[in-house]
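Letter by letter, the chains look like this.
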Amino acid sequence: MRVLWRVIVKEFLQIRRDRKMIPVIFVAPIVQITVFGFAVNTDVTNVPTVLVDQDRSASSRELVERFVESGYFEIIGSGERAAEIDRWLVTSQAQLGLVIGQGFGAALASSRPAAVQLIVDGSDAASANVALGYASSVTREFGALVEERRRRAAGAPPVAVGQAVLVPRVFYNPDLKSRWFYVPAVLAMILMVMTMLLSAMGVVREKEIGTMEQLIVTPIRPWQLLVGKLLPFAVIGVFQMILASAVTVFGFGVPLRGSFPLLLGLTTLFILSTLGLGLLVSTLVQNQQQAMMAAVFCAMVPMIYLSGLIFPIANMPPAIQAVTYAIPLRYYAEIIRGVFLRGSGIAVLWPEALTLFLMGIAILTLAALRFRKRLD
Amino acid sequence: MKRLRAVVLKEVRQVRRDPFSLMMLIALPAFMLVLYGFALNFDVRHVRLAVQDRDMSAASRELVASFTHSSYFDLVATPAAGEDLDALLERRTAWAVLVIPRGYGRDLAAGRASPVQFLLDGADSTTAQTVLGYARALVSEQNASLVAGALARQGRRAEPPLALDPRILFNPELESTQFLVPGLIGFLLMLTAVLSTALSVVREKERGTMEQLRVAPLRTWELILGKTIPYLGISLVATLIILLAARALFGVEIRGPHLDLLVAVLLYLFGALGFGLLISTIANTQAFAFQAGLIASMLPAILLSGFIFQIRIMPVWLQVVTYLVPARYFLVILRGIILKGEGLATYWPQVGALVLYGVATVALASARLARREA
């Protein structure tokens with residue numbers, strides 16, 4: 001036990017001595033979560049729209065007003081002809097063009113078919129889709145309003161038709177703020193990058209500096225060396241997690257509905273596998289450069305894209321969905337969002353927790369086995 | 001010129017001697033494109049829907065059918081009355097629950113409005129918003145056909161509704177892949193270019209061979225150019241492979257002039273390599289170079305470049321920060337050339353910014369290198 005303690009102390013001393021590492025460890029998580037937390041936002045509001053109103057009637061003006069009042073669209077310019085809109089879209093200054101053709105008002109007044117044209121830059125498909133949805137509901141409501149007025153003016157009897165009214169009740173994120181969904185994801189991402197790099201570099205560095213031999217000739221057992229090296233990193237990881245969670249909750253107002261101790265506990269399970277992966281990488285390579293490349297390309301980037309943190313797993317083709325089951329971050333993503341947004345407890349999250357635990361143990365064992373061979 | 005060639009040759013040899021890193025730089029970006037190109041997708045389909053039909057009338061069955069027959073929803077559960085609907089959402093069994101109240105059919109027949117509840121897991125707000133849009137559209141279609149039916153029974157015809165006639169440019173199928181793959185290219189190039197140069201200089205420092213280079217009769221610019229050219233070549237090969245893969249697998253075709261694309265890629269790589277050099281002049285250890293390179297290039301290229309998250313809706317101070325991220329400019333150009341079929345001339349402000357960025361980083365890096373030599 002005393003030997004283990006020595007190794008831990010040595011490791012902390014080494015971290016402290018590397019002056020540039022201290023800010024990386026303590027300041028970086030806060031800066032990152034702040035900067036990226038503000039960046040992650042997919043709410044579709046104030047879509048820059050160019051207006052071509054060839055009708056210039058009271059109806060066309062009213063329709064435009066409805067568009068602006070909805071809060072989803074912002075008129076940033078106007079033109080005379082529909083062809084002018086292309087310029088705005090090509091340079092990405094605007095995403096939408098709203099064209100109201102001549103005779104729009106007259107057609108509405110005489111209940112002939114009237115149409116508004118919407119020219120959409122479809123390259124950003126996700127936001128284009130949402131904007132299109134908003135535009136069609138604004139148009140639909142306006143159309144219904146005009147029809148109602150016309151009917152009343154004509155004194156026609158109202159048509160009694162039963163209608164289904166959709167009453168949505170949104171759980172966990174009632175205002176549909178994308179930030180609530182993505183900020184916990186950034187938190188998980190930072191935690192993963194930090195802990196994995198620390199452990200990957202920790203071992204390779206000793207190899208490169210040549211102090212690994214010294215460690216081997218000391219009477220430290222391999223497991224003591226391993227635990228002694230990894231434990232400080234785990235402590236740092238949990239500490240970073242607490243810092244970043246504070247920013248998430250107090251800075252971004254993301255609700256923490258579940259239990260924080262539970263989250264910390266499950267975070268340690270996750271750290272098991274990131275530290276293990278880092279260690280595994282370090283046993284497979286010769287120098288720090290290779291260690292970093294392998295850590296980034298083979299572990300971090302896949303984990304970011306395939307974990308469901310940003311891109312929903314359900315949208316992926318089945319073959320790739322199968323791959324995601326092998327990614328620890330996938331389970332941690334479920335956990336972190338479960339605890340933060342859904343207020344889930346262990347009763348719901350135990351399958352993820354168990355999987356993370358088993359994965360962590362398996363990866364660590366594998367890494368330890370390879371690690372020992374090198375020591376012999 | 002001869003000295004420059006010597007440096008290039010030396011660097012190429014060094015790269016060749018490390019086939020592991022070379023493979024990482026060339027093959028991995030293409031591999032990642034293939035893997036992630038399929039994974040990056042915001043197109044919402046097959047929403048897991050649970051339906052609780054408390055009415056069991058012809059009308060309610062018709063509404064349910066309109067949901068389940070659309071390609072958007074998959075029926076995963078039909079909870080009986082009294083079952084815990086919240087648990088379905090919390091356990092992620094279903095993303096949305098449609099609850100049709102008792103008396104729905106009777107209300108409709110009597111010409112009354114009938115509320116239909118739609119419980120939705122809002123945690124993933126983007127998906128939730130799309131799902132809500134689908135549900136609204138399906139219900140209003142259902143209502144339109146109810147109105148048409150009622151009018152027809154009275155011998156009247158429905159008046160033509162106000163129509164929205166959307167024309168979708170550049171990506172008519174609204175496939176998110178078309179938008180995301182160019183973003184991915186920008187990300188992958190940034191990552192490989194910055195890291196490879198940053199590490200190559202720092203490695204020389206760590207091994208002590210930097211001193212040898214310094215005492216060699218080399219000018220600063222020869223050293224810098226010599227160290228940059230091989231990685232520029234590698235990155236270009238990687239780009240070519242990526243573009244071919246994007247075309248073959250995702251149907252992302254380059255609609256604009258190819259030469260303009262090449263120029264844009266060269267400008268971008270120039271800036272990225274310059275940035276890598278700059279990091280390497282600041283860092284003394286590979287560990288630090290790597291951390292700095294990663295934090296300053298990888299995460300911003302994902303989060304601050306407009307790759308996934310629109311810059312327009314960020315807070316102003318953060319928008320100012322994004323002006324320092326070269327991927328921001330590159331993505332506008334890349335998407336313009338690939339998706340919109342435009343040439344470089346359209347994007348002259350972005351091109352100017354890339355040039356400025358490249359010149360600034362290389363100048364800063366050489367200034368720092370030169371000062372150390374003095």
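All values derive from a computational prediction rather than experimental measurement.

A. Representation of the overall build of chain B in the model. Within chain B one finds 14 helices and five strands. Against the 2.2 N^0.38 benchmark of 21 Å for 374 residues, chain B shows a C-alpha radius of gyration of 29 Å, more extended than a compact globule. For chain B, the C-alpha atoms occupy an extent of roughly 95 × 45 × 40 Å along the three principal directions. Nonlocal contacts in chain B, meaning residues at least 24 apart in sequence, comprise 78% of its contacts between residues at least 6 apart.

B. Quick look at the overall build of chain A. Along its length, chain A carries 14 helices and five strands. By the compact-globule yardstick of 21 Å for 376 residues, chain A is too spread out, its C-alpha radius of gyration being 29 Å. Overall, chain A is about 100 × 45 × 40 Å in size when its C-alpha atoms are taken along their principal axes. Expressed as a percentage of the 376 residues in chain A, the buried residues total 49%. Put simply, 79% of the contacts in chain A that link residues at least 6 apart link residues at least 24 apart.

C. Inspection of the packing of helix H2 (residues 21-39) of chain A against helix H9 (residues 222-251) of chain A at higher detail. All names here are of chain A. Running from N to C, H2 and H9 point in directions that differ by 30 degrees, and their axes come no closer than 9 Å. Viewed along their axes, H2 and H9 form a crossing whose handedness is right-handed. Contact residues: H2 offers Ile25, Pro29, Ile30, Ile33, Thr34 and Gly37, while H9 offers Ile236, Gln240, Leu243, Ala244, Val247, Thr248 and Gly251. Residue composition of the contact of H2 with H9, grouped by class: eight nonpolar, five polar and no charged.

D. Local environment of the domain arrangement of chain B. For chain B, the domain assignment lists domain 1 (10-41 + 175-373) and domain 2 (47-153). Centre-to-centre separation of domain 1 of chain B and domain 2 of chain B, based on C-alpha positions: 48 Å.

E. A look at the interface of chain A and chain B. Tallying the contact residues gives 94 residues for chain A and 100 residues for chain B. In terms of residue count, helix H6 (residues 125-154) of chain A provides more of the side of chain A that touches chain B than any other element does, 17 residues in total. Its residues assigned to classes, the side of chain A that touches chain B shows 57 nonpolar, 26 polar and 11 charged. In the sheet, strand E4 (residues 115-121) of chain A pairs with strand E5 (residues 163-169) of chain B via seven bridges, with the strands oriented parallel. Residue pairing in the sheet places Ala115 of chain A in a bridge with Ala163 of chain B of E5 of chain B.

F. Just the environment of Arg205 of chain A, in detail. All names here are of chain A. The residue Arg205 is located in helix H7 (residues 178-209) in this model. Its 20 C-beta neighbours within 10 Å are what place Arg205 among the buried residues. As a C-alpha pair, Arg205 and Pro328 span 123 residues in sequence and 26 Å in three-dimensional space.

G. Broad picture of the sheet that holds E4 of chain A. Pairing is mixed in the open sheet, where five strands are placed in the order E2(A)-E1(A)-E3(A)-E4(A)-E5(B). The sheet terminates laterally at strand E2 (73-78) of chain A together with E5 of chain B, the two strands that pair on one side only. Averaged over all neighbouring strand pairs, the angle between strand axes comes to 30 degrees, with direction disregarded. Two elements, strand E3 (residues 96-100) of chain A and E4 of chain A, share four bridges in a ladder whose sense is antiparallel.

H. Region of interest: helix H13 (residues 326-339) of chain B. Residues and elements named next belong to chain B. For H13, built from 14 residues, the straight-helix expectation of 20 Å at 1.5 Å per residue is met to within 8% by its first-to-last C-alpha distance of 20 Å. Within H13, 14 of the 14 residues are buried, which leaves the element mostly enclosed by the surrounding structure. Just past H13, the residue Gly341 takes up positive phi, approximately 70 degrees.

I. Structural view of the sheet that holds strand E5 (residues 164-171) of chain A. Spatially, E5(A)-E4(B)-E3(B)-E1(B)-E2(B) is the arrangement adopted by the five strands of the open sheet, whose pairing is mixed. At either end of the open sheet lies a strand with only one pairing partner, and these are E5 of chain A together with strand E2 (73-77) of chain B. When strand polarity is set aside, the average angle formed by the axes of neighbouring strands in this sheet is 30 degrees. With four bridges connecting them, strand E3 (residues 96-100) of chain B and strand E4 (residues 114-121) of chain B associate as antiparallel partners. Bridge pairing links Val97 of chain B to Leu119 of chain B in E4 of chain B.

J. Structural view of the nonpolar core. Grouped together as the largest cluster of nonpolar side chains are 206 residues, with contacts concentrated most on Ala131, Val186, Ala188, Ala295 and Met300 of chain A. Excluding its chain neighbours within four sequence positions, the residues that come into contact with Ala131 of chain A are Val44, Val47, Tyr72, Gln95 and Leu96 of chain A. Counting residues in each nonpolar core, the second largest holds 33 residues, with Leu119, Leu132, Ala135 and Leu138 of chain B among its members.

K. Spotlight on unusual backbone geometry. With a phi close to 60 degrees, Ser92 of chain A is a non-glycine residue in the positive phi region. Looking at the element boundaries, Ser92 of chain A is found in the loop between helix H4 (85-90) and E3. Ser92 of chain A gets classed as buried once you count the C-beta atoms within 10 Å, which come to 21. Its identity is not glycine, yet Arg92 of chain B carries a phi of approximately 65 degrees, on the positive side.

L. Focus on the pairing of E2 of chain B. Residues and elements named next belong to chain B. Pairing between strand E1 (residues 47-53) and E2: four bridges, direction parallel. The residue bridging Val47 from the neighbouring strand is Phe73, located in E2. In this fold, the crossover linking E1 to E2 by way of helix H3 (residues 58-69) has right-handed handedness.

M. Summary view of the environment of Phe67 of chain A. All names here are of chain A. With respect to the helices, strands and loops of the structure, Phe67 is situated in helix H3 (residues 58-69). Linking Phe67 and Leu280, residues 213 residues apart in sequence, is a C-alpha distance of 56 Å. Excluding anything up to four places from it in sequence, Phe67 contacts Phe73, Leu98 and Val138.

N. Expanded view of the domain arrangement of chain A. Domain boundaries assigned for chain A yield domain 1 (18-41 + 176-375) and domain 2 (47-154). One C-alpha centre belongs to domain 1 of chain A, the other to domain 2 of chain A, and the line joining them spans 48 Å.

O. Molecular detail of H2 of chain A. Residues and elements named next belong to chain A. In a regular helix each residue adds 1.5 Å, so 19 residues correspond to 27 Å; H2 covers 25 Å between its end C-alpha atoms and thus fits that length. The sharpest bend along H2 comes to roughly 45 degrees, located at Val27, with the proline Pro29 sitting one to four residues further on. Restricting attention to buried positions, one finds in H2 the residues Pro29, Gln32, Ile33, Phe36, Gly37, Phe38 and Ala39.

P. Local environment of the packing of helix H2 (residues 19-39) of chain B against helix H7 (residues 176-207) of chain B. Residues and elements named next belong to chain B. Between H2 and H7, the least distance of the axes is 10 Å, while the angle of their chain directions is 155 degrees. Regarding the angle of H2 to H7, the classification is roughly antiparallel. For the pair H2 and H7, the crossing hand works out as right-handed. Residues Leu25, Pro29, Met32, Leu33, Tyr36 and Gly37 of H2 form the contact with H7, whose participating residues are Thr177, Val181, Leu184, Leu188, Thr192 and Ser196.

Criteria and thresholds
Residues numbered from 1 in each chain as written. Chains lettered and ligands numbered in written order. Predicted model: local features only at pLDDT ≥ 70, side-chain atom pairs only at ≥ 80, totals over all residues. Helix = DSSP H or I, 4+ residues; strand = E, 2+ residues; numbered from the N terminus. Rg over C-alpha atoms; globule rule 2.2 N^0.38 Å. Contact = placed C-beta atoms within 7 Å. Buried ≥ 20, exposed ≤ 12 C-beta atoms within 10 Å, placed from the backbone. Axes fitted to C-alpha atoms, helices over the stretch in contact; angles between N-to-C directions. Left-handed = near helix turned anticlockwise from the far one by under 90°. Nonpolar A, V, L, I, M, F, W, Y, C, P; charged D, E, K, R; others polar. Domains from an automatic or database assignment. Pairing = 2+ DSSP bridges. Expected span 1.5 Å × (residues − 1). Core = buried A, V, L, I, M, F, W, Y, C linked by C-beta atoms within 7 Å. Right-handed = clockwise from strand over helix to strand, strands pointing away. Bend = angle between axes of the 7 residues up to and from the residue. Parallel < 35°, antiparallel > 145°, perpendicular 65-115°, else oblique.

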